[in-house]
Amino acid sequence: MATTEFDTTLPSIRQVQNWIKQKPTVELKLVTGDLIIGKVFWQDANCVCILDGNSEQITIWKQAIAYMKPQSETVIERGLVPRDAKLEVANLDS
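Sequence order as written defines residue numbering, which begins from 1 separately in each chain. The predicted nature of this model means local features are confined to residues of pLDDT at least 70 and side-chain atom pairs, given and counted, to a pLDDT of 80 or more, with totals for whole chains, interfaces and linings taken over all residues. Just so you know, side-chain values use all the structure's heavy atoms and leave hydrogens and water out.

Student: Can you tell me about the pairing of strand β2 (residues 35-43), naming the residues and giving the values?
Tutor: Whether two strands pair depends on DSSP finding at least two bridges between them. Every helix listed is a DSSP run of H or I at least four residues long, and every strand listed is a run of E at least two residues long, numbered separately from the N terminus. For strand β1 (residues 26-30) and β2, the ladder comprises 4 bridges, and the chain directions are antiparallel. Bridge pairing in β2 links Lys29 to Leu35. In this structure, the hairpin formed by β1 and β2 is closed by a connection of 4 residues, where Gly33 is found at a positive phi of approximately 100 degrees. Here 4 bridges tie β2 to strand β3 (residues 47-51), and the two strands are oriented antiparallel to one another.

Student: Summarise helix α1 (residues 11-22); cite the residues concerned and give the values.
Tutor: For a helix, the expected span equals 1.5 Å multiplied by the number of residues minus one. The terminal C-alpha atoms of α1, which comprises 12 residues, lie 16 Å apart, in line with the 16 Å expected from a rise of 1.5 Å per residue. With a 1.4 Å probe rolled over the protein chains alone, any residue whose accessible area is under 20% of its type maximum counts as buried; one over 50% counts as exposed, and the rest are partly exposed. If you check which residues of α1 are buried, you get Ile13, Val16, Trp19 and Ile20. In an axial view of α1, the angular spread of the buried residues amounts to 120 degrees, which keeps them on one side of the axis. Along α1, exposed side chains directed more than 90 degrees from the buried face belong to Pro11, Lys21 and Gln22. Against β1, β2 and β5 (65-70) lie the buried residues of α1. By definition, the arc is the one covered by directions from the helix axis to the C-beta atoms. Any two residues whose heavy atoms approach within 4.5 Å are treated as being in contact.

Student: Would you mind going over unusual backbone geometry in detail, with residue names and values included?
Tutor: Positive phi, normally seen in glycine, also occurs at Lys23, with a value near 60 degrees. Topologically, Lys23 is positioned in the loop between α1 and β1. A positive phi angle, near 60 degrees, is found at Ser55, a position not held by glycine. Tracing the backbone shows Ser55 in the loop between β3 and β4 (57-61).

Student: Talk me through the state of the cysteines; I want residue IDs and the actual numbers.
Tutor: Any two cysteine sulfur atoms within 2.5 Å of one another count as a disulfide. Evaluated as defined, the whole model comprises 0 disulfides. Free cysteine Cys49: the closest other cysteine sulfur is in Cys47, separated by 9.1 Å. We classify Cys49 as buried; its relative accessible area is 0%.

Encoded structure:
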C-alpha cells in the first residue's frame, strides 16, 4: 500500500522541496534504466512531478526512482569536459 503521510522532517523530502524552490535541472534514473531530465514541479507522499524540456509534466511514482541528482550547472552551461576524460584532437588542416 502507498504511503499516505508526507513527513517533511525526512531529509529526502526536504531535499526535493529545495529543488522545487531552486529549480535546478535534475536527473532521475528509474529502476527500468530510463533517465528523465527536467525540473521538479511538485511532490507528494507517493509521486514526483517533473517538467521536461518541453514543459510537459511527467508524474513518476517514487518507488520507480533508483536515484535523483541535480545536474552540474557548470558542465551544462560551459560544456566542460571532466579532467580524467581521454580526448583526441583531430587535425583539420590536412
